[in-house]
Amino acid sequence: MMQAQSSSSASPLLAVRDVSVVFGGIVALNGISFNMQKGQILGLIGPNGAGKTTLFNCLSRLYQPSKGDILLEGESILTRPPHRIAEIGIGRTFQNVALFPNMSVIDNVRVGAHCRTNSDIVSDSLRMPWIRSTEKALNKKVDDILGYLDLRSVGHTTVSGLPFGTQKRVELARALAAEPKILLLDEPAGGLNHEEVYILGDLIRRIRDDRGITVLLVEHHMGMVMSTADYVVALNFGRKLAEGTPTQVQNDPDVIKAYLGSKDEQ
């Protein structure tokens, strides 16, 4: 298994530098900084309104920070529009699944793989020889991912007819098809039962270990974060409250007070 490195180590894969976001005078994020190392699973936690989703949306380019920078392999991502973020290796899933409900599982996953192809409408329409070989490779990639996530049996099923937990796996498959360097998971345990949450945590670790994908996990399910993540960053009221190993953060008095409630309240 890959060993997590300290968030302060040199040459991080992703660097969040003094990021602030202000919405009409409301400070949603206030000077957030941390590093993500390659091969790390980083958990981002905090109570409702802490700024987790705001930061997540900055990382996936849905929001533009008011100040600060976000660097992937030393290069700023802030000049890229959201639809160009997958090209540089950032993939994400959504708290509420954002699939094409009337398309099959296979076609949804193919959409994710499309950013890694060089096809265009003219070449596609003329069925150029290189397009056929590209399509063959794409089909193999999609089939491999469906097999990896145990989705082959529902490959031709329309997504809207699948259980919510299966839809979440389809969305994960679509994100993996884009071959991300960093996978952003937004509340992946939401709506899952206890057994499904346990299986998901194991799957996230396998994805990191098998595919070498770095994972940023935003999650309310504390048990899953603490058992899955190598490193944890805790936010509260838009500020960084603590960071460190799961044990360090879990035992931090400020985190206990802000996120878990004080001992008097437990």
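Residues numbered from 1 in each chain as written. Predicted model: local features only at pLDDT ≥ 70, side-chain atom pairs only at ≥ 80, totals over all residues. Heavy atoms only, no water.

Named according to an unreviewed UniProt entry, the chain is ABC transporter ATP-binding protein originating from Rhodopseudomonas palustris. Under the heading Function (unreviewed entry), UniProt records this for the chain: "Involved in beta-(1-->2)glucan export. Transmembrane domains (TMD) form a pore in the inner membrane and the ATP-binding domain (NBD) is responsible for energy generation." (UniProt positions renumbered as here; feature names shortened; annotations may be inferred.)

1. Considering the overall build of the chain
Along the chain, the regular secondary structure elements total nine helices and 10 strands. Looking at the chain as a whole, 48% of its 266 residues qualify as buried. Summed over its atoms, the accessible surface of the chain is roughly 13000 Å², and 51% of this surface lies on carbon and sulfur atoms. (Helix = DSSP H or I, 4+ residues; strand = E, 2+ residues; numbered from the N terminus. Buried < 20%, exposed > 50% of the residue type's maximum accessible area, 1.4 Å probe, protein only. Areas by Shrake-Rupley, 256 points an atom, 1.4 Å probe, with all protein chains shown as cover.)

2. A short note on unusual backbone geometry
At D18, a residue that is not glycine, the phi angle is positive and equals roughly 50°. Within the secondary structure, D18 is located in strand 1 (residues 14-23). For D18, a relative accessible area of 36% corresponds to the partly exposed category. Of note in this structure, D150 is not a glycine but carries a positive phi near 55°. Structurally, the position occupied by D150 is in the loop between helix 4 (129-148) and helix 5 (164-177).

3. Focus on the nonpolar core
Across soluble globular proteins, you tend to see nonpolar side chains buried next to one another. Grouped together as the largest cluster of nonpolar side chains are 44 residues, with contacts concentrated most on I45, V105, L149 and I204. Per-element tally for this core: the top contributor is helix 5, with six residues. Here this core spans two domains, since at least three of its residues come from each of domain 1 (11-89 + 181-192 + 214-265) and domain 2 (96-179). Once you skip the residues sitting within four places of it in the chain, I204 turns out to touch I41, L185, V215, L217, M224 and T228. Grouped together as the second largest cluster of nonpolar side chains are 31 residues, F56, C58, L59 and L184 included. (Core = buried A, V, L, I, M, F, W, Y, C linked by side-chain atoms within 4.5 Å. Domains from an automatic or database assignment. Contact = heavy atoms within 4.5 Å.)

4. Observations concerning helix 1 (residues 52-59)
Counting buried positions over the eight residues of helix 1 gives seven, a clear majority of the element. Every buried residue of helix 1 is listed here: K52, T54, L55, F56, N57, C58 and L59.

5. Some thoughts on the pairing of strand 2 (residues 26-36)
As paired strands, strand 1 and strand 2 are joined by seven bridges and run antiparallel to one another. Along strand 2, the bridge assignment pairs V16 with F34. Between strand 1 and strand 2, which follow one another and run antiparallel, lie two residues, and G24 among them has a positive phi close to 50°. (Pairing = 2+ DSSP bridges.)

6. Examining the sheet that holds strand 6 (residues 90-92)
Overall, mixed pairing links the six strands, which are arranged 6-7-8-3-9-10 in an open sheet. Edge positions in the open sheet fall to strand 6 and strand 10 (239-244), since each of these has one partner strand only. Within the sheet, the average angular offset between the axes of one strand and its neighbour, ignoring direction, is 20°. Bridge analysis of strand 3 (residues 41-45) against strand 9 (residues 231-236) gives four bridges, and the strand direction is parallel. Bridge assignment links G43 to a residue of strand 9, and that residue is V232. (Axes fitted to C-alpha atoms, helices over the stretch in contact; angles between N-to-C directions.)

7. What about the packing of aromatic side chains?
Enumeration according to the criterion identifies one aromatic pair in this entry. Ring geometry for F23 and Y63: centres 5.3 Å apart, planes at 75°, overall edge-to-face. Here F23 is found in strand 1, whereas its partner Y63 is found in the loop between helix 1 and strand 4 (67-72), with 40 residues between them in sequence. Among the residues examined, F23 registers a relative accessible area of 39% and is labelled partly exposed. On the accessibility criterion, Y63 (30% relative accessible area) is partly exposed. Here the guanidinium or amino end of R206 rests over the ring plane of Y148, the centre of that ring lying 5.4 Å away. Sitting above the plane of the Y148 ring, R211 keeps its charged end 4.2 Å from the centroid. (Phe/Tyr/Trp six-rings, centres within 6.5 Å; stacked < 30°, edge-to-face > 60°. Lys NZ or Arg CZ within 6 Å of the ring centre and 35° of its normal.)

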